[in-house]
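# Remarks on the overall topology
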Amino acid sequence: MLVLSRRQNEQIVIDGSIVVTVVSLRGDKVRIGIEAPKDVQIDRSEVHEERRKLMEAEGIA
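Just so it is clear, the model here is predicted, and its values are computed rather than measured.

### Remarks on the overall build of the protein
The number of helices and strands found in the protein is 1 helix and 5 strands. Overall, the protein shows an N-to-C arrangement of helices and strands of β-β-β-β-β-α. Buried positions account for 13% of the 61 residues belonging to the protein. Considering only contacts within the protein whose residues lie at least 6 apart along the sequence, 46% involve residues at least 24 apart. If you sum the accessible surface of the protein, you get close to 4900 Å²; carbon and sulfur atoms cover 48% of it.

### Thoughts on the pairing of strand β4 (residues 29–35)
Where strand β3 (residues 19–26) lies against β4, 7 bridges are found, and the strand directions are antiparallel. Bridge pairing in β4 places Val19 opposite Glu35. Adjacent in sequence and paired antiparallel, β3 and β4 are bridged by 2 residues, among which Gly27 carries a positive phi angle near 60°.

### Observations concerning the environment of Pro37
With respect to the element layout, Pro37 can be found in the loop between β4 and β5 (42–44). As for Pro37 and Ser17, which are separated by 20 residues in sequence, their C-alpha atoms are 8.2 Å apart.

### So, the pattern of salt bridges
Per the stated rule, a full pass over the model turns up 4 salt bridges. Note that Arg51 is salt-bridged to Asp43, the shortest N-O span being 3.1 Å. With relative accessibility at 9%, the residue Asp43 sits in the buried group. Linking Arg52 and Glu56 is a salt bridge whose minimum nitrogen-to-oxygen distance equals 2.6 Å. Of this pair, Arg52 and Glu56 both sit in helix α1 (residues 45–57), 4 residues apart, which is roughly one turn of that helix. Taking the relative accessible area as the measure of exposure, Glu56 reaches 48% and is therefore partly exposed. One connected set of salt bridges, linked through shared partners, spans Glu49, Arg52 and Glu56.

Conventions we followed
- Residues numbered from 1 in each chain as written.
- Predicted model: local features only at pLDDT ≥ 70, side-chain atom pairs only at ≥ 80, totals over all residues.
- Heavy atoms only, no water.
- Helix = DSSP H or I, 4+ residues; strand = E, 2+ residues; numbered from the N terminus.
- Buried < 20%, exposed > 50% of the residue type's maximum accessible area, 1.4 Å probe, protein only.
- Contact = heavy atoms within 4.5 Å.
- Areas by Shrake-Rupley, 256 points an atom, 1.4 Å probe, with all protein chains shown as cover.
- Pairing = 2+ DSSP bridges.
- Salt bridge = Lys/Arg side-chain N within 4 Å of Asp/Glu carboxyl O.

If you want it as structure tokens, here you go:
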């Protein structure tokens, strides 16, 4: 299980059939666990967007 600390309203982009579990709440942070097949790409929204922009700039997407 991958466990991340995230603030409220920040997103995780998930591609596929994935189980997301809230692990804990601490102040303004939510800890979540993500279970997914190894071949599924999981990114924070800002990382996903940066990768998308890089792929677009390279003519891949």
